[in-house]
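Inside the fold
This is what each chain is made of:
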Amino acid sequence: MKPLGLPLIFLLAVGVLGVDRNNFKTCDQSGFCKRLRPFKPEKSQYTLNLDTVIVHGNVLSAEVTTANTEAEKKVPLWKYSLTLSALVDGTFRIQVDEADPIYPRYRTQLALDGEPKADGLQLVSKEGGKLTLTNTQGHKVLITAEPLKFEFLDQNGDVAVVINENSQLLIEPLRLKREKNDEDEENAEKAVEVEEEGTWGENFKSHHDSKPRGNEAVSLDVSFPDADQIYGIPEHTDKFALRTTTSREPYRLYNLDVFEYELDSRMAIYGAVPVLYAHGSKRTVGVFWHNSAETWVDVVNYADGTVVSSLVNLVTGGHKRRVDARFISESGIVDVFVMLGNKPADVFRQYTKLTGVAPLPPKFSLAYHQSRWNYVDEADVRGVDENFDVHDIPADVIWLDIEYTDRKKYFTWDSEKFRHPAEMVANLTAKGRRLVVIIDPHIKREAGYFLHEDATEQGLYVKDKDGNIYEGWCWPGSSSYLDFFNPAASKYYSERYRFENFPGTSKDVHIWNDMNEPSVFNGPEITMPKDCRHYKPPQDGQDGLASYWEHRHIHNEYGLWQIRATNEGMLERADHKYRPFILTRSTFAGTQRYAAVWTGDNAAEWGFLQASVPMCLSLAAAGVSFCGSDVGGFFKYPEPELMTRWYQAGAYQAFFRAHSHIETKRREPWLYEPSTTALLRDAVRRRYALLDFWYTLFYEHTLDGTPVTRPYFQEYPNEEETYTIDDQYLLGDKLLVRPVLEAGAKSVKVYLPGRDTNTLWYDVDSYQVHKANGYFNQEVNIAKIPVYQRGGSVVPRRERVRRSSTLMANDPFTLVVALDANNTAQGSLYIDDGETYEYKNNKYIYAKISYEPKQMTYTLVNPSAQFSSRAWIERIVIAGIRAAPRTARLHHGGRSTALQMTLHRGNDVLVIRKPGAPVSEDWSIQFAE
């Protein structure tokens, strides 16, 4: 069905005919991108005033000016304040702002996880127009005063990152619009006399942007010597390794609601995380562009065949190993973090030290989720729930989209279709299942709706350019949008999650924040006008344009403010006892601290299944490991083969949810032919068998900040063949996943990394061992999911089939030990109650597992941590063992017990049955030949 009673643009927006590119800007249609992209001066106009340099603690501060030569008499001398900060873990920060701006320039507020920790900074020399500084880890920074340039050296003394080598640093100073007869002498030099087209307003289609502050864009170029590839800046449907944009559109970072987005595209979609990583055999480094405005990013990889050879020779001296990038943002200050790695895991960790790690999620959220727009009523929910049991398919979560509400009014229930929400939730929780409901940021403008009445009365909405409540169109029709930048609005919104304010909910009801780019169906580019006004804390002497932030300043950060308020509300509703689960579509730096992310409104096509892998790899590298796609595709209907392959792929992605559009044919697993249902059941069961492995990976992410889902080059940084692989990936450092992404496949190409280290890989189905030697062809049938366990690893599994993960809490474990070339292996296991914060009070189990030819040990990392679990080790499978030990004895609690073993000579697998070892205490198994 189509929603009724809404304007034509609404109906066009929800059509399923594919994206209309005309609704979204190109660089030439985005005023600042068109203006700044051609800016390529021979020499930078910025000069560091060496007489103003001060180093105090970890910060160098100085004045920067623009050139003011005789040839440039008409250009005023602009002054800027520069700071260079040394931060812990090999990171530096550069900030450049106007020294005396007419209005404060916006500084992104929520991306960082607190104030970055300082390192020491020492000024080593100041001669020849250059400064040399060093941090405590031996990294050096060379600053050339004129023209201004920054060179960051690695610990070997080689140049790793260069800032402004291409002279594209630019900060458009804020100016006043000169009115006729303007006699204000004090600000005359800051007034624009000859107005550049678009300075005080721009048009796109039927929309006008008033631009009351005029042009205020910033730009910065970054060079990466010796880099082979560059990655990051999600969210796009392009390859994981970014491609040269010289003759193409730049990558765009601007959170937008793009129905049926294009594949293989640099267009903006739902997320914008402005972090780049450059990798080569020498090092891995990164830069984080700390800016929440619309941003375009150009990339030039000099090894790319699309870059003309004369330019390659000029810039690289013929070596070809170098990548350049350039950020262009509509507003803000220059604020960039340089992360010097030097290994991939180091730089990924450095980024999450800045923006935060994903917190340990509730365990159920790593299991299987069943969703649809929409399950019609309570009977429909009950039927879906019961059919999982009838067909013996585990499931942990049922989702409700917007139709559960009272006519699109959030924090309400449809009084006819969902008359007994508390009972419905209780029926789910009795089986260990949960409910997720959707809450979007748009608020229906309806008289009598408590949320709209309160927001209007208390001034909690975003304002339009004239200071009145902004009104746009979204699912409810006429809507306004909460201004989460206003502390009163965030507090009010958070309080709506209290159980007494949202009757029918409980600790087992979790939240989906969708449409939070924000999506505005009748807005420019289906989003909020840039000249809308957001709250700014009042300050003395600041009025007019200085008294609020424009939406252009904060756009990419808007959804982050919503999910932060959602997170706070869910914590407070249960006195901070239970971990919340939140799913968001809008994504920015720091999103991982509050929510999981999915890849948005995809379609039931093989191309979208294929795109889900590099999209989630890119997000994981940018801190967001908790990523997945709509299994089966949101639009259209997946035929059995595609549905099967998508379930198989989804079972090995962090967020595993099937979801579909309201107008598509129902596609719950049991609605296919029995043979297909059996395959989908098998894929889901595979996920549940590895839940504790996933849970352990996410716990370890909280410790080291590295991605859960990893590109090959993270673990094999010197293996150049891995640098562009993005159709297969690693889970931690233990499992290799090559999902079948092609229709009708009889075999797939699998790359096994680790040739130089004699790495072994074991097929998880047969335990057949493969020596790492690059690509090989893996035969597949429709039931085969190519997954391999690295030799030298231990992976925990639970094999009992239950309705939900909650019911598995005390089930026994199987430990799969895959031996390396030295007949050794290591692994880990993390266990807690799965839902509370009691693990922060030392109520958890975290054990390291080690195998050597003469013994296997299970050792608690923190013996003072105590958690009661009735789970035990039911079976140990040792793959790659060629000669069985004569005896095996379990040593635990002062006792020694003989164990039974069986050697399967066909695949060199030794099985130890029912060792009966506990998971909550240390133990060892001694082997004798």
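Residues numbered from 1 in each chain as written. Predicted model: local features only at pLDDT ≥ 70, side-chain atom pairs only at ≥ 80, totals over all residues. Heavy atoms only, no water.

The name given to the protein chain in an unreviewed UniProt entry is Glucosidase II subunit alpha, and the organism recorded there is Papilio xuthus. UniProt annotates the protein chain under Subcellular location (unreviewed entry) with the comment "Endoplasmic reticulum". (UniProt positions renumbered as here; feature names shortened; annotations may be inferred.)

Assignment of secondary structure puts Ser210 in the loop between β14 (207–209) and β15 (218–225). Spatially, the C-alpha atoms of Ser210 and Lys530 are 8.5 Å apart, while their sequence positions differ by 320 residues. If we ignore the near neighbours within four places in the chain, the residues touching Ser210 are Trp200, Gly201, Lys465 and Asp531. Among the polar contacts made by the side chain of Ser210, one reaches the side chain of Asp531 at a distance of 2.8 Å. (Helix = DSSP H or I, 4+ residues; strand = E, 2+ residues; numbered from the N terminus. Contact = heavy atoms within 4.5 Å. Polar contact = N/O pair within 3.5 Å; in protein donor to acceptor, adjacent residues only side chain to side chain.)

One open sheet holds the three strands; their spatial order is β27-β29-β28, and the pairing between them is antiparallel. Pairing within the sheet leaves two strands with one partner each, and these edge strands are β27 (442–444) and β28 (472–474). Here the strands of the sheet are splayed against their neighbours by 60° on average, with no regard to which way each runs. The pairing of β28 with strand β29 (residues 477–481) spans three bridges and is antiparallel. Of the residues in β29, the one forming a bridge with Cys474 is Gly477. (Pairing = 2+ DSSP bridges. Axes fitted to C-alpha atoms, helices over the stretch in contact; angles between N-to-C directions.)

Counted under the stated rule, the structure contains 57 aromatic pairs. Residues Tyr231 and Phe240 carry aromatic rings whose centres are separated by 4.8 Å and whose planes lie at 35° to one another, so their mutual orientation is tilted. Among the residues examined, Phe240 registers a relative accessible area of 2% and is labelled buried. Centroid distance Trp475 to Phe521: 5.0 Å. Interplanar angle 80°. Geometry classified as edge-to-face. Of this pair, Trp475 sits in the loop between β28 and β29 while Phe521 sits in the loop between β30 (509–513) and β31 (533–534), and the two are 46 residues apart along the sequence. (Phe/Tyr/Trp six-rings, centres within 6.5 Å; stacked < 30°, edge-to-face > 60°. Buried < 20%, exposed > 50% of the residue type's maximum accessible area, 1.4 Å probe, protein only.)

Among all positions of helix α8 (residues 487–495), only Ala489, Ser490, Tyr492, Tyr493, Ser494 and Glu495 are buried. In the core, the buried residues of α8 are packed alongside α7 (450–458), β30 and α10 (558–573). For α8, the side-chain oxygen to backbone nitrogen distance between the N-cap and Ala488 is 2.9 Å, and the N-cap itself is Asn486.

Pairing in this open sheet of eleven strands is mixed, and the strands run β54-β53-β57-β51-β50-β49-β47-β48-β52-β56-β55 from one edge to the other. The strands lining the two open edges of the sheet, one partner per strand, are β54 (895–898) and β55 (900–904). Here the average twist between neighbouring strands, direction ignored, is 20°. The pairing of strand β47 (residues 793–797) with strand β48 (residues 813–818) spans five bridges and is classified as antiparallel. What sits directly across from Val795, in β48, is Val816. Contacting β47, β48, β49 (825–831) and β50 (845–852), helix α14 (residues 691–704) crosses the sheet at an angle of about 90° to β49.

What follows deals with the pairing of strand β1 (residues 46–56). Relative to strand β2 (residues 59–66), β1 runs antiparallel, the two being bridged by seven bridges. Bridging across to β2, Thr47 finds its partner in Thr65. Connecting β1 to the antiparallel partner β2 that follows it, the hairpin turn spans two residues, and Gly57 within it adopts a positive phi of roughly 65°.

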